[in-house]
2 protein chains.
Amino acid sequence: MRQIFFATLATLAALATSAQQALWQSAPVTSPVIHGDNTVTFNVKAPDATIVEIVGDFPDADGKSTVATMSRDSLGVWSYTTPTPLTPELYCYNLRVNGLKVNDPANVHLLRDGSTVVNIFLIEDGRDGLYGVADMPHGSVSKVWHDSPELGIRRRMTVYTPPGYADTTSSFPVLYLLHGMGGDENAWEEHGRATQIFDNLIARGAMRPMVVVMPNGNAALEAAPGQGSDGLTVPRFDLPKTMEGSFEAAFPEIVDYVDSHYRTVAQADSRAIAGLSMGGFHAMHISKAYPGTFGYVGLFSAAVDPRNKPTWDVYDDIDARLKRQFDDGVQLYWIAIGSDDFLYKENEALRSRLDSLALPYTYRESSGGHSWQNWRIYLSEFLPLLFK
Amino acid sequence: MRQIFFATLATLAALATSAQQALWQSAPVTSPVIHGDNTVTFNVKAPDATIVEIVGDFPDADGKSTVATMSRDSLGVWSYTTPTPLTPELYCYNLRVNGLKVNDPANVHLLRDGSTVVNIFLIEDGRDGLYGVADMPHGSVSKVWHDSPELGIRRRMTVYTPPGYADTTSSFPVLYLLHGMGGDENAWEEHGRATQIFDNLIARGAMRPMVVVMPNGNAALEAAPGQGSDGLTVPRFDLPKTMEGSFEAAFPEIVDYVDSHYRTVAQADSRAIAGLSMGGFHAMHISKAYPGTFGYVGLFSAAVDPRNKPTWDVYDDIDARLKRQFDDGVQLYWIAIGSDDFLYKENEALRSRLDSLALPYTYRESSGGHSWQNWRIYLSEFLPLLFK
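Keep in mind it's a predicted model, so treat the numbers as computed, not measured. (Residues numbered from 1 in each chain as written. Chains lettered and ligands numbered in written order. Predicted model: local features only at pLDDT ≥ 70, side-chain atom pairs only at ≥ 80, totals over all residues. Heavy atoms only, no water.)

Caption draft 1: The sheet that holds strand S5 (residues 71–72) of chain B, seen in detail. Residues and elements named next belong to chain B. Taken in spatial order, the 4 strands line up as S1-S2-S6-S5 in an open sheet, and their pairing is antiparallel. Pairing within the sheet leaves two strands with one partner each, and these edge strands are strand S1 (33–34) and S5. Sheet topology places strand S2 (residues 40–45) next to strand S6 (residues 77–81); 5 bridges connect them, and they run antiparallel. In the sheet register, Phe-42 faces S6, and the bridge partner there is Tyr-80. (Pairing = 2+ DSSP bridges. Helix = DSSP H or I, 4+ residues; strand = E, 2+ residues; numbered from the N terminus.)

Printed below as a string of structure tokens:
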């Protein structure tokens, strides 16, 4: 029977693809190939190319990000193997074929950030296994729309409910987790491996089961590119309504929606807000604009300083508002940044400000810069500190 | 302020990308460009390529699927414009640069099917606007895991709950919607534009609000590629446990999970099952294996005949089981297939069988073959017939 089984499959496959064989065709090589020692080989069959390069965020022989020319064999397969084993991590790369930047045709695993799509691969499930899917209970991830009377549009957000949420009548604390410029409501789930980090930390007992809400911080947009009524558009980096108070003004709508549609503990000591870069800016100014709302605040590589004239007084009187926020109760104010981050000085100034106001915070300085590698680490370290 | 705003954005953008500028770089051209008359131009800047072709499922000058050489301008931008306006539809394409199949670097909208990734674009929101996102209420789409004691693994499925589900205490009918070989729990949502079709038909009052459950029909798998504990693997077409009874045996677990975790009307006249190709096979044999469970059955380009020796008697006594199924109540048995489909004869034989047994069904024959274009149409036509 086994032979008949595979013969049938082969027939089905052949027939199903015959109509559009050129379109629905697998790559003739496998790539990437992760070896037992965590070196990685990339392969692409391009016999007619004269140069094929690989560009990736994993280290080359000098420890810098990789930009390397691949080697061609006699069959026209171009290959590149990392000179050293790679540290467990989620990595991104693209190929350049005769100068044209393309995705690896053999690797179906892709991520979009802004207007760029890159291939990804994962070494040993990344960082202590936190980025992979293990055989463990999984939370649910939902794309949920809510009305925003403040912004006059319907808006989409990602909501994680922890394993067991649907099988209990308990209420849960809530983390609001915000993306950076160029991102959207999918960013933490995709680039951030947030769902995998939640599932793994909860399975290990290292973090409290919680609802995590990942809204779209671009207040002019309904949803991620392709998911809103603007159609399959090219993502824009120069969006209006990102750091001028609109998102901050509309944030109570999101909290109200979550508290009225999920079993939450609707009080400050069970509510956290954190974000990366622009999302760190949002987390800082939202938590300050609504004192007594968020007991836990996380600023990951935060853009601290106001850039734009706001539509209301949200960025005025920062000292007085910070004092009021801390007076109304902050369990944790967590600031993390990489020593090479271009926002380092802004965060240094924020720490000085908090010091001069005698407001307590926790500071975490890492190596590296403004990168998802750091933001995943910050998230993994921040989550166990919440709701203790 | 506007100038400061953009200056700040530009600075942020420059700094954020400087670290990995080569990796996170937008394409220097826009592609595709959909013109006012629904012709479409594709552009790719590849000055060092000697031939660039486009392969797509939209018609060329002869009405066949497109395989065309693009034209190079003096700056090295290769372009192709469709010779005729395109009918509203969701289309797929790839580029071939010096023979290498690649995605369009300027188009971030991609779909994976099996081990192939293609670019997509949408003309006029496709088919009477059903495939686009309009400014209308949206249902929620969730990725939900459930335990399968029958299969011994945790499994992931996609669940659509209609607009307003979370704001009512009403119960809803349920459609189980199954994918084909090479697909997974994401297939209908992605290639099928199912979420958009549901939202649009519900907004028009053309379909009853319902819960739609899209499980993974590959009984050996936990989840779509990259979402299970097997890691970021290359999708396999030759999976075990696809058409030998395992999925059929485990199906009651899915129905039980749904009826115990969602507000459903848990009876046959409020329960439908439908699928495409292998999913049509599953829908036929599951609905027959559990008579009195599904009042509505939809077979879209169904693989009708058993291929493999099953692990139990699920494919035995088809006549007797069909009779029993219809005796126990079938409101609608809907068979749809394209006149060019390679499964046409199997479906013709099924109709003869049903005729000879005097079992009533509805038949819809379309043009075309075994394609998502047809499956989206079948879904759009089947949904308004349910739960009347």
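That was the structure; now back to the text.
Caption draft 2: Spotlight on the packing of helix H3 (residues 194–203) of chain B against helix H8 (residues 372–382) of chain B. Residues and elements named next belong to chain B. Between H3 and H8, whose axes approach to 11 Å, the crossing angle comes to 30°. Comparing the axis directions of H3 and H8 gives the class roughly parallel. Seen from above, H3 lies across H8 with right-handed handedness. Touching Ala-194, Ile-197, Phe-198 and Leu-201 of H3 are Arg-376, Leu-379 and Ser-380, all from H8. A class-by-class count of the residues in the contact of H3 with H8 yields 5 nonpolar, 1 polar and 1 charged. (Axes fitted to C-alpha atoms, helices over the stretch in contact; angles between N-to-C directions. Parallel < 35°, antiparallel > 145°, perpendicular 65-115°, else oblique. Left-handed = near helix turned anticlockwise from the far one by under 90°. Contact = heavy atoms within 4.5 Å. Nonpolar A, V, L, I, M, F, W, Y, C, P; charged D, E, K, R; others polar.)

Caption draft 3: Just the interface of chain A and chain B, in detail. If you look at the interface, chain A gives 86 residues, while chain B gives 87 residues. Summing both partners gives a buried area of about 7400 Å² for chain A against chain B, and 66% of it is carried by carbon and sulfur. Viewed at the interface, chain B and chain A are joined by 2 salt bridges. Between Asp135(B) and Arg154(A) there is a salt bridge, with its nearest N and O atoms 2.8 Å apart. On inspection of chain A and its partner chain B, the count reaches 13 residue pairs in polar contact (both at pLDDT 80 or more). Of all the secondary-structure elements, those providing two or more residues to the side of chain A that touches chain B are helix H1 (2–18), strand S2 (40–45), strand S3 (52–59), strand S7 (90–97), strand S8 (100–102), strand S9 (110–113), strand S10 (116–122) and strand S11 (140–148) of chain A. Here the side of chain A that touches chain B gets 9 residues from one element, more than from any other, and that element is H1(A). (Buried area = accessible area lost by both parts, 1.4 Å probe. Salt bridge = Lys/Arg side-chain N within 4 Å of Asp/Glu carboxyl O. Polar contact = N/O pair within 3.5 Å; in protein donor to acceptor, adjacent residues only side chain to side chain.)

Caption draft 4: Main features of the environment of Pro173(B). All names here are of chain B. Residue position: Pro-173 is located in the loop between strand S12 (153–161) and strand S13 (174–178). In this structure Pro-173 comes out as buried when scored by relative accessible area, which is 1%. Sequence separation of Pro-173 and Ile-34 is 139 residues, and the distance between their C-alpha atoms is 39 Å. Pro-173 has contacts with Arg-208, Pro-209, Met-210, Val-211, Val-265, Ser-270 and Phe-387, leaving out every residue within four places of it along the chain. (Buried < 20%, exposed > 50% of the residue type's maximum accessible area, 1.4 Å probe, protein only.)

Caption draft 5: View of the packing of aromatic side chains. By the definition in use, this model includes 50 aromatic pairs over all chains. Between Tyr296(B) and Phe387(B), the ring centres sit 5.2 Å apart and the planes meet at 70°, which makes this aromatic pair edge-to-face. With Tyr296(B) in strand S16 (residues 296–300) and Phe387(B) in the segment after H8, this pair connects stretches of sequence that are 91 residues apart. By the burial criterion, Tyr296(B) is buried, and Phe387(B) matches it. Sitting above the plane of the Tyr363(A) ring, Arg351(A) keeps its charged end 3.8 Å from the centroid. For Arg263(B), the ring lying beneath its charged end belongs to Tyr165(B), and the centroid distance is 4.1 Å. (Phe/Tyr/Trp six-rings, centres within 6.5 Å; stacked < 30°, edge-to-face > 60°. Lys NZ or Arg CZ within 6 Å of the ring centre and 35° of its normal.)

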